[in-house]
There are 2 protein chains.
Amino acid sequence: MDAGMLEIPVGVSNRHVHLSQEHLEQLFGPGYELTIWKDLVQPGQYASKETVSVVGTKGIIENVRVLGPVRKKTQVEISRTDAFKLGLKAPIRDSGDHEGTSGCVLVGPKGMVSINSGVIIAARHIHMTPVEAGMYGLHDKDRVSVLVDGERALVFNNVLVRVNKNFALEMHVDVDEANSAWLNTGDKVTMINKNQTLCLVG
Amino acid sequence: MDAGMLEIPVGVSNRHVHLSQEHLEQLFGPGYELTIWKDLVQPGQYASKETVSVVGTKGIIENVRVLGPVRKKTQVEISRTDAFKLGLKAPIRDSGDHEGTSGCVLVGPKGMVSINSGVIIAARHIHMTPVEAGMYGLHDKDRVSVLVDGERALVFNNVLVRVNKNFALEMHVDVDEANSAWLNTGDKVTMINKNQTLCLVG
């Protein structure tokens, strides 16, 4: 491994929902709090025991995991496969960027919520600490390429880098991306430094 | 476009089934013949009006299109997403390579067929004529890389080349691959000549 490359473990993100406290209570009842089921790799983040149904114009997906803790804005993260099934036009967005996105209906055991926006296909991204970013000359919101080996070997270009001292090194892809590259959670991929370029020789 | 590159239209292959005449008759009745619904880009190939259900150990997928004409061996082509849903361990294979693959049950309006093998995830591949292959120094079963532009820009490595005078120039990817690269049928991708190499500079 030369100094320009960084091995990164992959986290495959299945469809999931982040809820605001207000929406959590509308779906699960007044004063409701999420129950931690499984810690995620990113510190402080967890899969809760709670699930909801996501309703679109053409379909419903049940048992969609709620991730915690609650956030300021409710956000529904799906794959393009899910978007077709639901009949929703979901754009590729960075987390939190909801302008011009579709809404949907969420159904929980105690109620329903109709959101006007917040359904996104999350842009693939790498979480890293400022120390790791510094070693590779990277800054928050830089874009890099990532090599994946194997039978479905490919290079993901245009991969967003997110830098925060509370992050753990991990690349998040959705299920479509994982399947196209034959990746599973925990597999290793290789980041190409932004100061390097993939180019054609020949 | 420099001489080393070739623009190729994409065909997104949704899950589908190729049937032998024997299995066609078991599923649809004695003497049955497929009805042409839509011609495919590859000459002589068509989507038929007929569909079957594919049954695995954990799930069923209904309305799976039968492609014609009939073949010597029945083959079920699914995505990794479908394989999870069906509960089948489908390997990535070139068409016709069924050794060590899983079977499944197919259900039609007049009967059922249990196949012992033939469920595959088709290896992404490019169809081209000998003339096109000759222009780019390629031979049947070579492997090339393919560039995809756009928001989910990536490079597919390890793409199989199939050469036959009855082919039309087209790259086939499955739905997972199309979604990961944000591709639709008819989009253009760029083949990198096998005499060129993608390499790191910096």
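Source: prediction; values computed, not measured.

K.L.:
Can you help me understand the overall build of chain A in this one?
P.N.:
A count of helices and strands for chain A gives 4 helices and 15 strands. Over its C-alpha atoms chain A spans a radius of gyration of 18 Å, differing by no more than 12% from the 17 Å that the globule rule assigns to 202 residues. A principal-axis box enclosing the C-alpha atoms of chain A has dimensions of 60 × 35 × 30 Å. Partitioning the intrachain contacts of chain A with sequence separation of at least 6 by distance along the chain shows that 67% fall at a separation of at least 24. Entry remark: accessible area of chain A is about 9300 Å², with carbon and sulfur atoms responsible for 51%.

K.L.:
Any chance you could explain the packing of aromatic side chains here in plain terms?
P.N.:
Describing an aromatic ring pair means giving the distance of the ring centres and the angle of the ring planes. By the definition in use, this model includes 2 aromatic pairs over all chains. Residues Phe-28 of chain A and Tyr-32 of chain A carry aromatic rings whose centres are separated by 5.1 Å and whose planes lie at 25° to one another, so their mutual orientation is stacked. Using a relative accessible area of 7% as the deciding quantity, one classes Phe-28 of chain A as buried. What makes Tyr-32 of chain A partly exposed here is its relative accessible area of 25%. For Arg-80 of chain B, the ring lying beneath its charged end belongs to Trp-182 of chain A, and the centroid distance is 4.6 Å.

K.L.:
Before we go on, may I ask you to explain the domain arrangement of chain A in this structure?
P.N.:
Residue and element names in this part refer to chain A. As far as domains go, chain A holds domain 1 (5-11 + 124-200) and domain 2 (14-121). The distance between the C-alpha centroids of domain 1 and domain 2 comes to 25 Å. Contact residues are listed per partner, giving 11 residues for domain 1 and 10 residues for domain 2. Together domain 1 and domain 2 conceal approximately 800 Å² of surface at their shared face, both sides included; 47% is due to carbon and sulfur atoms. Scanning the region where domain 1 abuts domain 2 turns up 1 salt bridge. For Asp-94, the salt bridge identified is with Arg-143, shortest N-O distance 3.9 Å. For the side of domain 1 that touches domain 2, the elements supplying multiple residues, two or more each, are strand 13 (170-174) and helix 4 (175-180). No other element matches the 3 residues that strand 13 contributes to the side of domain 1 that touches domain 2. Of the residues in the side of domain 1 that touches domain 2, the class split is 4 nonpolar, 3 polar and 4 charged.

K.L.:
Would you mind showing me how to read the side chain of Thr-129 of chain A here?
P.N.:
Checked against the element boundaries, Thr-129 of chain A lands in the loop between strand 10 (125-128) and helix 3 (130-135). Residues in contact with Thr-129 of chain A, not counting those within four places in the same chain, are Val-163, Asn-164 and Phe-167 of chain A.

K.L.:
How should the nonpolar core be read in this particular structure?
P.N.:
Nonpolar side chains tend toward joint burial in soluble globular proteins. Counting 48 residues, the largest nonpolar core has Ile-126, Met-128 and Phe-156 of chain A together with Ile-126, Met-128 and Phe-156 of chain B as its most contacted members. In this structure, Phe-156 of chain B is in contact with Ala-153 and Leu-154 of chain A together with Arg-124, Val-144, Ser-145, Val-146, Val-148, Met-171, Val-173, Glu-177, Ala-181 and Leu-183 of chain B, ignoring residues within four places of it in sequence.

K.L.:
Mind showing me how you'd approach the pairing of strand 3 (residues 36-39) of chain A here?
P.N.:
Along a regular strand, successive side chains alternate from one face of the sheet to the other. Across 3 bridges, the pairing between strand 3 of chain A and strand 4 (residues 46-55) of chain A is antiparallel. The residue bridging Lys-38 of chain A from the neighbouring strand is Ala-47 of chain A, located in strand 4 of chain A.

K.L.:
When you look at the pairing of strand 13 (residues 170-174) of chain B in this model, what are you seeing that I'm missing?
P.N.:
Residues and elements named next belong to chain B. Summarising burial for strand 13: 5 of the 5 residues are buried, a large majority. Alternating residues of strand 13 divide into Glu-170, His-172 and Asp-174 and Met-171 and Val-173, and every residue in both groups is buried. Relative to strand 13, strand 1 (residues 5-13) runs parallel, the two being bridged by 4 bridges. Among the inter-strand pairings, Gly-11 is bridged to a residue of strand 13, identified as His-172. Taken together, the 3 bridges between strand 10 (residues 125-128) and strand 13 define a ladder with antiparallel strand orientation.

K.L.:
Explanation requested: the environment of Asp-187 of chain B in the structure shown.
P.N.:
Residues and elements named next belong to chain B. Of note, Asp-187 is situated in the loop between helix 4 (175-181) and strand 14 (188-192). Residue classification places Asp-187 among the partly exposed residues on the basis of a relative accessible area of 27%. Put simply, Asp-187 and Arg-162 are 25 residues apart on the chain and 20 Å apart in space, counted from C-alpha to C-alpha. Ignoring anything within four residues of it in the chain, the contact list for Asp-187 reads Ile-8, Pro-9, Val-10 and Trp-182. Of the polar contacts made by the side chain of Asp-187, one reaches the backbone nitrogen of Asn-184; its length is 2.8 Å.

Rules and cut-offs
- Residues numbered from 1 in each chain as written.
- Chains lettered and ligands numbered in written order.
- Predicted model: local features only at pLDDT ≥ 70, side-chain atom pairs only at ≥ 80, totals over all residues.
- Heavy atoms only, no water.
- Helix = DSSP H or I, 4+ residues; strand = E, 2+ residues; numbered from the N terminus.
- Rg over C-alpha atoms; globule rule 2.2 N^0.38 Å.
- Contact = heavy atoms within 4.5 Å.
- Areas by Shrake-Rupley, 256 points an atom, 1.4 Å probe, with all protein chains shown as cover.
- Phe/Tyr/Trp six-rings, centres within 6.5 Å; stacked < 30°, edge-to-face > 60°.
- Buried < 20%, exposed > 50% of the residue type's maximum accessible area, 1.4 Å probe, protein only.
- Lys NZ or Arg CZ within 6 Å of the ring centre and 35° of its normal.
- Domains from an automatic or database assignment.
- Buried area = accessible area lost by both parts, 1.4 Å probe.
- Salt bridge = Lys/Arg side-chain N within 4 Å of Asp/Glu carboxyl O.
- Nonpolar A, V, L, I, M, F, W, Y, C, P; charged D, E, K, R; others polar.
- Core = buried A, V, L, I, M, F, W, Y, C linked by side-chain atoms within 4.5 Å.
- Pairing = 2+ DSSP bridges.
- Polar contact = N/O pair within 3.5 Å; in protein donor to acceptor, adjacent residues only side chain to side chain.

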